[in-house]
Amino acid sequence: MTKLQKWFLIVAMWVVILFSIFAFYWVLVRPAKIRQMCSQKANQVSAGIKTGISSMLEINRAIYLDCLRSNGIDK
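Residues numbered from 1 in each chain as written. Predicted model: local features only at pLDDT ≥ 70, side-chain atom pairs only at ≥ 80, totals over all residues. Heavy atoms only, no water.

(A) How the structure looks around a nonpolar patch on the surface. Residues Trp7, Ile10, Met13, Trp14, Ile17, Leu18 and Ile21 make up a contiguous nonpolar surface patch of roughly 740 Å² in combined accessible area. Relative to the assigned elements, Trp14 resides in helix H1 (residues 3-47). (Patch = residues over 30% accessible without salt bridge, like charges linked within 9 Å, V, L, I, M, F, W, Y side chains within 5 Å. Areas by Shrake-Rupley, 256 points an atom, 1.4 Å probe, with all protein chains shown as cover. Salt bridge = Lys/Arg side-chain N within 4 Å of Asp/Glu carboxyl O. Helix = DSSP H or I, 4+ residues; strand = E, 2+ residues; numbered from the N terminus.)

This is the structure:
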């Protein structure tokens, strides 16, 4: 193997590693953090509502789903 081939393999390996880390973050970590943040936001808003339980749950769910959609998550 020439020096150029060795450097190419090293650079290619780092590109694959960095892409894998980015993909792991984007697919698993980011959505989990967004869901947690939206859940907290929905709980805070619905805790201040003094209506019935079913109405509070509907409002909580609506706020949660709206927060998810606004942050780029469908479900």
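Past the structure itself, the notes keep going.
(B) Quick look at the state of the cysteines. In the structure shown here, the tally under the stated rule is 1 disulfide. A disulfide bridge connects Cys38 with Cys67, and the sulfur atoms are separated by 2.1 Å. The sign of the S-S torsion, about -70 degrees, decides the handedness of the disulfide formed by Cys38 and Cys67: left-handed. Here Cys67 lies in helix H2 (residues 53-70) and Cys38 lies in helix H1, a separation of 29 residues in the sequence. Here Cys38 matches Cys67 in class, with each residue buried. (Disulfide = S-S within 2.5 Å. Buried < 20%, exposed > 50% of the residue type's maximum accessible area, 1.4 Å probe, protein only.)

(C) The arrangement of the side chain of Asn60 in detail. Inspection of the secondary structure assignment puts Asn60 in helix H2. Its relative accessible area of 18% is what places Asn60 among the buried residues. Those residues in contact with Asn60, other than ones at most four positions away along the chain, are Ala42, Asn43 and Ser46. (Contact = heavy atoms within 4.5 Å.)

(D) Focus on the side chain of Ser46. Considering the arrangement of structural elements, one finds Ser46 in helix H1. Given a relative accessible area of 5%, Ser46 falls into the buried group. Of the polar contacts made by the side chain of Ser46, one reaches the backbone oxygen of Asn43; its length is 3.4 Å. (Polar contact = N/O pair within 3.5 Å; in protein donor to acceptor, adjacent residues only side chain to side chain.)

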